[in-house]
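Chain by chain, the residues run as shown.
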Amino acid sequence: MRIAIDAMGGDNAPDEIVKGVVEAAGVFPDVSFTLVGDEKRILPFLSNKERIEIIHTEEVIEATDEPVRAVRRKKNASLVLMAKEVSEGRADACISAGNTGALMTAGLFVVGRIDGIERPALAPTLPTINGDGFLFLDVGANADAKPEHLLQYALMGSIYAEKVRGVANPRVGLLNVGTEEKKGNELTKAAYQLISEANLNFVGNVEARDLLDGVADVVVTDGFTGNVTLKTIEGTAMGLFSMLKTTLTSSVTTKLAAAVLKPKLSGLKKMMDYSEYGGAALFGLKAPVVKAHGSSNSTAMFHAIRQTRDMLSNNMIETISSAVTQKE
């Protein structure tokens, strides 16, 4: 299998991106890579060229670019050429830590949707207190959604959780303002009915405050609500760690305590780092398209590659396509 990588996407490109690819090439001998970007900037970090090719381009889609306009006008941008490698059959999947909107646009219009999937969904795996994590979709691919879209999200998420994450009979929850069946707005009420009638392990409505307790293996919502929830979780986690750091460095006594607690706190921070689970997959496309975090280091890129490889190895796209066909 071959994975195309946008070497110029993200805050730490190209050095951390390339280092992550080199590490993955050493661990996964069944994967070849195509790095797309400025060859002069890539080569200094390419310590091992085995099974790694470079497509040279100096054009880049910046984080500040308007996504649709950038994809249309910057035909030779690293992100666009990466997507073309997939659409034209030279790569099986692609990964970028660059402009999220541009990647979603390229995924939709260059790679293309699976027949029968009306809207793609952006889905990261978030950490839980027990360490199992849960798949959360949609977190921003579509701000508005219909009940049928949430049903498709639930179906795709369940397949991913089972096939890629190895969760037997994954529990699917619908994000809502209460757990009662009749709670919520018109969207969630209609979606509840559709998902409950599907052949899924539906556990009903789940509340945002229970997400990190591992109340479900897959949680579905519209992209607006999902994005707000995701950023609230991120902000809260960063705020708590910042307050904890301030407290533990406020006096000689707390600094001594911090020295003792440091290994435990480092372990806690790693457990709550969702980059350890890989990137956010864009579900519903004809090939795996994965959005790595914009601040990805080499470790985060390695895990995004591992995740993408697992998606390919477990034929996830074919399974989703087959499941959608059977639903029609």
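That block above? That's the structure.
Owing to the predicted nature of the structure, the values given are computational and were not obtained by experimental measurement.

Caption draft 1: Representation of the sheet that holds strand β3 (residues 52-56) in the model. What the 7 strands build is an open sheet, ordered β3-β2-β1-β4-β12-β11-β5; its pairing is mixed. The open sheet terminates on both sides in strands that have one partner only, identified here as β3 and β5 (121-123). Ignoring which end each strand starts from, the neighbouring axes of this sheet average 25 degrees apart. Examined bridge by bridge, strand β2 (residues 32-37) and β3 share 5 bridges and lie parallel to one another. Looking at the pairing, T34 lines up with E53 of β3. Most of the contacts of helix α5 (residues 100-111) go to strand β12 (residues 289-291), to which it runs at about 175 degrees, and overall it touches β4 (93-96), β5, β11 (280-283) and β12. In this fold helix α10 (residues 298-313) packs onto β1 (2-6), β2, β4, β11 and β12, with an angle of close to 160 degrees to the strand it touches most, β4.

Caption draft 2: How the structure looks around the pairing of β11. Neither face of β11 is left uncovered, since the one carrying A280 and L282 and the one carrying A281 and F283 both have all their residues buried. Here β5 runs beside β11; their pairing, made up of 3 bridges, is antiparallel. Each residue of the ladder has a partner; that of A121, found in β11, is F283. As defined by bridge partners, β11 adjoins β12 across 2 bridges and the pair is classed as antiparallel. The partner of A280 across the bridge, within β12, is K291. With antiparallel pairing between neighbouring strands as the criterion, β11 and β12 make up a hairpin whose turn holds 5 residues, including G284 at a positive phi of roughly 105 degrees.

Caption draft 3: The arrangement of the nonpolar core in detail. Core analysis: the biggest nonpolar cluster contains 65 residues, and F33, F283 and I305 have the highest contact counts within it. Element by element, the count of residues in this core is highest for helix α6 (residues 147-163), at 8 residues. Those residues within four positions of I305 in sequence are excluded, and the remaining contacts are I3, I5, G20, V21, A24, F28, F33 and I95. Core analysis: the next-biggest nonpolar cluster, separate from the first, contains 35 residues, A4, V86, L126 and V289 among them.

Definitions and limits used
Residues numbered from 1 in each chain as written. Predicted model: local features only at pLDDT ≥ 70, side-chain atom pairs only at ≥ 80, totals over all residues. Heavy atoms only, no water. Pairing = 2+ DSSP bridges. Helix = DSSP H or I, 4+ residues; strand = E, 2+ residues; numbered from the N terminus. Axes fitted to C-alpha atoms, helices over the stretch in contact; angles between N-to-C directions. Contact = heavy atoms within 4.5 Å. Buried < 20%, exposed > 50% of the residue type's maximum accessible area, 1.4 Å probe, protein only. Core = buried A, V, L, I, M, F, W, Y, C linked by side-chain atoms within 4.5 Å.

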